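Descriptive structure summary
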Amino acid sequence: MDTADGNQDSSQQRRHCAASFKAFMMKNSTKSNLNLYDHLTCLLIKVLDEEPQNVVDVIEDMSRDVKRDLFEDKQSSLRELPQATAAELLAEQQRLLFSQPEDADHEDELVETPLPNVSEICFYMEQAGVGLGREEMQRIFLALKQLVESQALLRCRLWGKILGLQSNYIVAEAEYREGDEVEEQMVDEAAVEEETEAEAQENEMDPLPLSTYKPPPVVPKDAIGTGANKFIYYVCKEPGLPWVKLPPVTPVQITVARQIRKFFTGRLDAPVNSYPPFPGNEANYLRAQIARISAGTQVSPRGFYQAREEEGDEEEEAPGDTYETNPDFEGVSVSEMAESLSSWVHHVQHILPQGRCTWINLAVKPGEESNEDGEVEEKEEEPDEPEPEVGPPLLTPLSQDAEIFNIPPWTSKMSSTLTSQHAVAVLRSNLWPGAHAYACGKKFENIYIGWGLKYAGEGYRPPAPPLPQKEHPSGPEITEAVDPTLEEEQALREALEEQQAAQEEMEDTDQEEEEDDD
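Here is a short report on the structure shown in this document. All figures in this text were calculated on a predicted structure; none of them were measured in a lab.

So, how was this worked out
- Residues numbered from 1 in each chain as written.
- Predicted model: local features only at pLDDT ≥ 70, side-chain atom pairs only at ≥ 80, totals over all residues.
- Heavy atoms only, no water.
- Helix = DSSP H or I, 4+ residues; strand = E, 2+ residues; numbered from the N terminus.
- Buried < 20%, exposed > 50% of the residue type's maximum accessible area, 1.4 Å probe, protein only.
- Contact = heavy atoms within 4.5 Å.
- Areas by Shrake-Rupley, 256 points an atom, 1.4 Å probe, with all protein chains shown as cover.
- Pairing = 2+ DSSP bridges.
- Axes fitted to C-alpha atoms, helices over the stretch in contact; angles between N-to-C directions.
- Patch = residues over 30% accessible without salt bridge, like charges linked within 9 Å, V, L, I, M, F, W, Y side chains within 5 Å.
- Salt bridge = Lys/Arg side-chain N within 4 Å of Asp/Glu carboxyl O.
- Parallel < 35°, antiparallel > 145°, perpendicular 65-115°, else oblique.
- Left-handed = near helix turned anticlockwise from the far one by under 90°.
- Nonpolar A, V, L, I, M, F, W, Y, C, P; charged D, E, K, R; others polar.
- Phe/Tyr/Trp six-rings, centres within 6.5 Å; stacked < 30°, edge-to-face > 60°.

**Re the overall build of the chain**
Within the chain one finds 13 helices and 12 strands. For the chain, buried positions account for 29% of its 518 residues. Put simply, 63% of the contacts in the chain that link residues at least 6 apart link residues at least 24 apart. With the model as given, the accessible surface of the chain reaches about 36,700 Å², and the carbon-plus-sulfur share is 52%.

**Here's the deal with unusual backbone geometry**
The omega torsion across Tyr 275 and Pro 276 is 0 degrees, close enough to zero to call that bond cis. Tracing the backbone shows Pro 276 in the loop between helix 8 (251-257) and helix 9 (282-297). Positive phi values are uncommon outside glycine, yet Asn 406 reaches one of about 60 degrees. Its place among the elements puts Asn 406 in the loop between helix 12 (373-380) and strand 9 (410-414).

**Quick word on the sheet that holds strand 1 (residues 156-162)**
Ordered in space as 4-3-2-1-12-11-10-9, the eight strands form an open sheet in which the pairing is mixed. Either end of the sheet is taken by a strand with one partner, and the two such strands are strand 4 (244-245) and strand 9. Relative to strand 4, strand 3 (residues 231-236) runs antiparallel, the two sharing two bridges. By the bridge assignment for strand 4, Tyr 234 is matched with Lys 245. Contacts between helix 6 (residues 134-151) and the sheet are confined to strand 1, strand 2 (169-175) and strand 3, with strand 1 contributing the most and set at about 130 degrees to the helix.

**Re the side chain of Asn 326**
Tracing the sequence through the fold places Asn 326 in the loop between strand 7 (323-325) and helix 11 (334-339). The class for Asn 326 is buried, based on a relative accessible area of 17%.

**Re a nonpolar patch on the surface**
Together, Leu 165, Phe 263 and Trp 451 line one region of the surface with nonpolar side chains, adding up to about 340 Å² of accessible area. Here Phe 263 lies in the loop between helix 8 and helix 9. Under the relative-accessibility criterion, Phe 263 is labelled partly exposed at 46%.

**With respect to the pairing of strand 10 (residues 425-429)**
Across the five residues of strand 10, four count as buried, placing the element largely inside the fold. Note that strand 9 and strand 10 share five bridges and pair antiparallel. When the bridges of strand 10 are listed, Lys 413 appears paired with Val 426. Of the strand pairs in this sheet, strand 10 and strand 11 (residues 435-440) are connected by four bridges, and their pairing is antiparallel. Residue Leu 427 lies in a different strand from strand 11, and its bridge partner there is Ala 437. Hairpin connection between strand 10 and strand 11: a loop of five residues separates the two successive antiparallel strands, and Gly 434 in this loop has a positive phi of roughly 115 degrees.

**With respect to the packing of helix 5 (residues 118-128) against helix 6**
Where helix 5 contacts helix 6, the two axes come as close as 10 Å, and the packing angle between them is 150 degrees. As summarised for this structure, helix 5 and helix 6 are arranged roughly antiparallel, according to the angle between their axes. Considering only the axes of helix 5 and helix 6, their crossing is right-handed. Across from Val 118, Ser 119, Cys 122 and Glu 126 in helix 5, the residues of helix 6 making contact are Arg 134, Met 137, Gln 138 and Phe 141. Of the residues assigned to the contact of helix 5 with helix 6, the class counts are four nonpolar, two polar and two charged.

**Section: the packing of aromatic side chains**
For any two aromatic rings, the description comes down to two numbers: the centre-to-centre distance and the angle of the planes. Considering all chains together, one arrives at 13 aromatic pairs under this definition. Summarising the aromatic geometry, the rings of Phe 263 and Trp 451 are spaced 5.5 Å apart at their centres and angled 85 degrees between planes, so their arrangement reads as edge-to-face. Of this pair, Phe 263 sits in the loop between helix 8 and helix 9 while Trp 451 sits in the loop between strand 12 (443-450) and helix 13 (486-517), placing them 188 residues apart in sequence. Look at Trp 451 and you get partly exposed, because its relative accessible area is 39%. One aromatic cluster in this structure is built from Phe 304, Tyr 305, Tyr 323, Phe 329 and Phe 444.

**Section: the pattern of salt bridges**
If you walk through the whole model with that rule in mind, you get 13 salt bridges. As a salt-bridge pair, Asp 222 and Arg 356 come within 3.7 Å of each other at their nearest N and O atoms. Residue Asp 222 is found in the loop between helix 7 (180-205) and strand 3, and its partner Arg 356 is found in the loop between strand 8 (344-346) and helix 12; the two are separated by 134 residues along the sequence. Judged by its relative accessible area of 5%, Asp 222 falls in the buried class.

Have a look at this one:
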């Protein structure tokens, strides 16, 4: 009886302890409003459902996941707005190209517009097998229209597209307006004043003696509206993005651009790391390459332009890039333009080695030009007088262009030989890959789509490795012999001993015979 009463008392104590312990575990936390009993229950259920390996090693992580799931259910179900992608931002900017202000007046069809018919150009470019596609060309046309309206340009056209490593450049060519020359001169004068002030400050701060070295004279750039600076150029990365005006090009920039070969990055403010050092950033390098490409690839049908006639003595002093449209031009047949390069002419001035389109004598100072005739003649007889640089005249036929690397500079063809009555003449430059031109009747156009680099010949091809050497012929002198057995070694040793003993006996007999003879 005493034993039974003791067991009953102990079981009651255990029940009481278990009930009190369960009540302790079911107390809610003051921070999370959770209790340990429910947490362990959910944790054990998770262990039974997933049955992970090495439960004791991952039990802490599973406990954290159980708590995290409870909190995630109580969080808000609203989603955050996704960040706009680059394509969406570009589309938002291009949307403005298709919007038209309410107070805009409809232009009269008879009024001459500063923009060409881009849709017509796109059609002919498709026949020639080049172009940017109808959708992109339409966006570029709207971007050019926006540029003309914002800058009040007299005439503007699509020059082309230069590819870059990070982004591309869409190039627009426009004519200078009245007053732009004054603005450019003011900018140049301000830059010169800043340079002189910086040099003066350096000289004041530097106590060292001044150098007597005089750098060679700087070749002045072509005047605004003439030569390499005849047109003004704007660039943008994508239609709808802001247009950026490129600065005028200088002769030293053209000279250095001829000596280097760099891909464009797509950032106008990027430095041009090269040797020799380029004087400027990528915007200046881009402007120099545009001038070089235009001088070498801008062509037109023979007879479309004619030299402008000047009255009086001004004809000799007139610049070489003055031409005008020939009103009597009746067009050249497509077959003739596709077969003969003489039907095409350059209508952009050639850039001389000096970096200008018109040569200037740097040995003569500006004040010395107005001296008497005798002094000028004496200076011309001096041996140090440089020879004037002369380039091909304007409207020179393409048939006179020189070959490069034994490759003709131009390739001409018809867009279609099956329907020649509706074909156009297509011209492709081998000197500047990416430059194309087409002509059909009285219509023609030039466009450049490429990397902005000149053809430099075939790429480097490493020589083929030599043929592998032949294996040495096998023979007994290089063949590895099999190790002899123990019996063969003993037999060889006995044979060598017998041979040595016989040789010693022969030597002894020889000595005895010699002694007998003595």
